[in-house]
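An overview of the molecular structure
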Amino acid sequence: MTSRRDFLRILAAGAAGAMFPARRLGALTPPKAAPATFGVARGTDTAAIVRKAVELVGGMGSFVEEGDVVFVKPNISWDKKPEQAATTNPVVVETVVKLILEAGAKKIIVADNTCNDARRTYKRSGIKEAAEGAGAKVPFMEQRRFVSTNLGGTVMSDWEVYREVMEADKIINIPIAKHHGLSDVTLSMKNLMGLIGGRRDLLHQNLPECVVDLAAYFKPTLNILDSVRLLKANGPQGSTLKDVVELNTIAASTDPVRIDAFGISLFGDAIFSNDPAAFPHIQEAIKRGLGRSDFSGEGYMEVNLG
Amino acid sequence: MKNLRRISQILFLALFFFLLIQTEYKGSSELGLPVKFFLDLSPLIALSTILATHAVKAASLFSLITVVVSIFFGRVFCGWVCPLGTLNTIVGWFRMRKGKPTPTDGRFPRLRPVKYFILVFILAAAVFGWNTAGILDPISLTIRSLAIGYNPAVNRIVRVILDSAYALDMPGISPAADAVYSMMVGTVLAFEQPVFRQMIPIALIFSVILGLNLLAPRFWCRYLCPLGAMLGIIGTKQMMARVDVSSEKCVKCGCCNRTCQGDATPFPPGQWASRECLVCYNCRDVCPVTAISIHPTMQRTGEGNVDLERRWLLSTGAAAILSVPIVTLGEHRERVHPELIRPPGALPETDFVKTCVKCGECMKVCLTNGLQPTFHQAGLEGLWTPILVPKLGYCEYHCNLCGQVCPTGAIQLLKIEKKQKTKIGLATFDKSRCIPYAYNRNCGVCEEHCPAQGKAIRFTDEESVDKRGRAFILKKPYVIPQICIGCGICENKCPVVDIPAIRVSPINESRHDARLFL
């Protein structure tokens, strides 16, 4: 669809845009404690394994402070039901929102820049209802709320970022692990594409560099990987339920590389390799010092709740 | 009575606007409201569709209500119900306030027959398969003009104002603009700014129709409206609301003619034209000596109805009939136009064009703004019928709203499962523009977005070398025609935005066996 109000974008960029970068409050501040931990919880009670995984890495209280404004980024991109595993599991979103509230956050915003019509995806994914029920605000991303920002990446420089992301104190990233036709997998780093606007369709030509640019800029306070269901083929939106397997697994870490490396290990032979080093975006992220790919190393904890 | 009539007009106009605004996705796959209610009330749409398609649809029967009411009360629909009539009344007030009108001011009695000739043209052409009713039917005209012409313009203006205020980023102003915006979106404003081809001409035509009220009150209703003509003829011998002017009491002041909305000439006595009367009660309410009464009577009290000369009626009918073979001759009938992607559920083309009344409801409700009015793509006979323009909006996989709102069944309401298997076209790669083929770089946006079950776009992997000499896997997309339904999301999302590197055309659409080539 034609973008709204080109005229206004110029206005906003000219008159107000210059003011916004300076207003960035806290998304870049590193987490209070940066424990070298990696938590994995398995079990059929989704809410319980979300709580357990977060608890393993120190509990939500070590990431969110009293009075914080927190931006939660699930994947709400596609007009698909939760069973189709194209969007983050609504129970996961709901539980994360509750945990953040329990940690004393002032305000929680849950949103995504969607591929299908947001009115449909927010509803069909079950995320709007679940997150609002748990006490979050779930707005649609409106064009006027994007502000031009310098991401300072290797390929991404000036780009539109959703204003609420810029003004939030913390970003909690809750991707769902999925197959992806172009990059083989889409995990925590690629999920951040939903925070930006503009010509996202151009990013696919340099996808590894772009997602690492996003990870380096936004530095989510915590990544919680949903693999309650895993989309192992025809991603990122899937085709039939045959593409979905149940893994009942949640992983949590501050390290996006470690999370993505763990995600890669979940796919088995559904993808060409389970070696993180074989994935260009992992190589790129390690090169830039964003984290480490031996997810099962130091600080790895796994609990099976059954 | 005049005030009662005004209340009725305002209530029906409010209902009309409410239903028009509700003709949008509101968070539920089922629209749930009878948004085509006013279209169903029009016997002109019903009759012309019956004549053109030689079939009676259940929805057509609803308009019998209007017919029955008109038989007994005359053009009470025009005076009390019709939304365009009410809009005309409102604009007419601006004229009334200018100076003092004379008894003959704002009257063009010689134009009164025009609407009957328009009606004859519409019905005669419909019999031979050219359905023009929707172009001039006041309900269809109003919905189309407001949905495609005025609505985008109003949305644009309100958004520009509110967004400018928001972008000021000033305390007080920005939050206020934000609050107003949030309140208006989804209630009176559309969810996204609508964009329509031909917005300006369609809005201008309607503006001219409204502007004509400055020449004569309710100019359209008096002289041009084919539905008004039809209801006038139906109600010629109405007995329930006849205007009776007492010759003894009349002081020949002419007040009644001055305030008459329909140019029905209550004065002089005995010249009242039942077919022109809109039952507005202005004459009775204005008469200083209460010489006028409006009441049920079996007695016919004089006729001032215009004579329709038979030779002109026959000429008009003949012209209409002769025009049918002409408008059905053209390129569009020889070969399908590459842009003629009809919405899923559309009847085969010739039936579709006969059945569609160009009301624009499907375009208004379309989730992605992809349904647009045709200009030349379907010939003159198909002017303003809907086509999908994938560059502006694609057909949403889980949506069948257009079928839900179509008043005539030109777009059949398909169950979602069936809709998802209905081919409306076929995607084709332009390998000279497609990024992996033409520029040796990966892209894959089309494949990512393809919703078809089993994926109509897939990759072949090819080992390639980039400009720095590094080996990489080039993913070349291709289309599987048996799976592609032509929804157009690939064309819509293609990064090559000017002439997309993957484009949908109507070949292979399933409503025509002859076009299924793969």
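Residues numbered from 1 in each chain as written. Chains lettered and ligands numbered in written order. Predicted model: local features only at pLDDT ≥ 70, side-chain atom pairs only at ≥ 80, totals over all residues.

Counting its secondary structure elements, chain B contains 25 helices and eight strands. Considering chain B as a whole, with its 518 residues, one finds that 49% of them fall into the buried category. Sequence separation of 24 or more characterises 75% of the internal contacts of chain B that already satisfy a separation of 6 or more. (Helix = DSSP H or I, 4+ residues; strand = E, 2+ residues; numbered from the N terminus. Buried ≥ 20, exposed ≤ 12 C-beta atoms within 10 Å, placed from the backbone. Contact = placed C-beta atoms within 7 Å.)

The next thing to look at is the overall build of chain A. When you go through chain A residue by residue, the secondary structure sums to 11 helices and 11 strands. Here chain A holds 306 residues, and the buried ones make up 57% of them.

Take the interface of chain A and chain B next. Between chain A and chain B, the residue contacts involve 29 residues of the former and 39 residues of the latter. At the level of elements, helix 1 (6-16) and helix 5 (118-124) of chain A are the ones that each hand at least two residues to the side of chain A that touches chain B. If one sorts the elements of the side of chain A that touches chain B by residue count, helix 1 of chain A sits on top with five residues. Its residues placed into classes, the side of chain A that touches chain B shows 11 nonpolar, nine polar and nine charged. (Nonpolar A, V, L, I, M, F, W, Y, C, P; charged D, E, K, R; others polar.)

With that out of the way, let us pick up the nonpolar core. With 125 residues, the main nonpolar core has B:Cys362 and B:Cys402 as its most contacted residues. In terms of residues, this core owes the most to one element, helix 8 (residues 114-127) of chain B, which gives 10 residues. Taken together, domain 1 (240-304) and domain 2 (423-518) of chain B each give at least three residues to this core, which thus spans both. Those residues in contact with B:Cys402 that lie beyond four places of it in its chain are B:Pro343, B:Cys362, B:Val365, B:Cys366, B:Leu371 and B:Ile411. Counting 92 residues, the second-largest nonpolar core is a separate cluster that includes A:Ile171, A:Val185, A:Met189 and A:Cys210. (Core = buried A, V, L, I, M, F, W, Y, C linked by C-beta atoms within 7 Å. Domains from an automatic or database assignment.)

This paragraph deals with the domain arrangement of chain B. Segmenting chain B into domains produces domain 1 (240-304) and domain 2 (423-518). For domain 1 of chain B and domain 2 of chain B, the distance between their C-alpha centres works out to 69 Å.

This brings us to helix 10 (residues 256-266) of chain A. All names here are of chain A. The element helix 10 is extensively covered by neighbouring structure, given that 10 of its 11 residues are classed as buried. If you check which residues of helix 10 are buried, you get Pro 256, Val 257, Arg 258, Ile 259, Asp 260, Ala 261, Phe 262, Gly 263, Ile 264 and Leu 266. After helix 10 finishes, the residue Gly 268 shows a positive phi value of roughly 60°.

Time to look at the packing of helix 8 of chain B against helix 14 (residues 226-234) of chain B. Helices that pack against each other are described as a pair by the angle of their axes relative to one another and the distance between those axes. Residue and element names in this part refer to chain B. Contact geometry of helix 8 with helix 14 gives a least axis separation of 8 Å together with a crossing angle of 95°. As summarised for this structure, helix 8 and helix 14 are arranged roughly perpendicular, according to the angle between their axes. Residues Lys 115, Tyr 116, Ile 118, Leu 119 and Ile 122 of helix 8 pack against Pro 226, Gly 228, Ala 229 and Met 230 of helix 14. For the contact of helix 8 with helix 14, the residue count by class is seven nonpolar, one polar and one charged. (Axes fitted to C-alpha atoms, helices over the stretch in contact; angles between N-to-C directions. Parallel < 35°, antiparallel > 145°, perpendicular 65-115°, else oblique.)

A few words on the packing of helix 10 (residues 138-167) of chain B against helix 12 (residues 199-211) of chain B. Residue and element names in this part refer to chain B. One can describe the packing of helix 10 onto helix 12 by two numbers: an axis separation of 8 Å at closest approach and a directional angle of 115°. With respect to helix 12, the element helix 10 is oriented roughly perpendicular. Remark: the crossing between helix 10 and helix 12 carries left-handed chirality. Every residue of helix 12 that contacts helix 10 at Arg 144, Ser 145, Ile 148, Gly 149, Tyr 150, Pro 152 and Ala 153 is listed here: Met 199, Ile 202, Ala 203, Ile 205 and Phe 206. Along the lines of polarity and charge, the residues of the contact of helix 10 with helix 12 split into nine nonpolar, two polar and one charged. (Left-handed = near helix turned anticlockwise from the far one by under 90°.)

Looking at chain B, the pLDDT average stands at 92 and 97% of residues meet or exceed 70. We note a pTM of 0.91 for the whole complex and an ipTM of 0.89 for its interfaces. (pLDDT = per-residue confidence, 0-100.)

All names here are of chain B. Where strand 6 (residues 457-465) meets strand 7 (residues 471-479), nine bridges bridge the pair, whose relative direction is antiparallel. From the neighbouring strand, Phe 459 faces strand 7, where its bridge partner is Pro 477. Between the antiparallel neighbours strand 6 and strand 7 lie five residues, among them Gly 469 with a positive phi of about 90°. (Pairing = 2+ DSSP bridges.)

Turning our attention to unusual backbone geometry. Following A:Gly235, the chain continues to A:Pro236 via a peptide bond in cis, the omega torsion being 10°. The residue A:Pro236 is located in the loop between strand 9 (222-231) and strand 10 (244-253) in this model. Here the residue pair B:Phe267 and B:Pro268 is connected by a cis peptide bond, since its omega of -5° sits within 30 degrees of zero. One non-glycine residue with positive phi stands out, namely A:Asn248, at about 50°. Tracing the backbone shows A:Asn248 in strand 10.

Attention shifts here to the environment of B:Ile234. Residue and element names in this part refer to chain B. Summarising the element assignment, Ile 234 is placed in helix 14. Overall, the presence of 21 C-beta atoms within 10 Å leaves Ile 234 in the buried class. Considering only alpha carbons, one finds Ile 234 and Val 69, 165 residues apart in sequence, at a separation of 9.6 Å. Leaving out residues up to four positions away in the same chain, Ile 234 has contacts with Val 67, Ser 70 and Ile 71.

The next subject is the environment of B:Arg258. Residue and element names in this part refer to chain B. Mapped onto the elements, Arg 258 comes out in helix 15 (residues 255-259). Judged by local crowding, Arg 258 falls into the buried class, with 21 C-beta atoms found within 10 Å. Through-space distance from the C-alpha of Arg 258 to that of Ile 139 is 27 Å; in sequence the pair is 119 residues apart.

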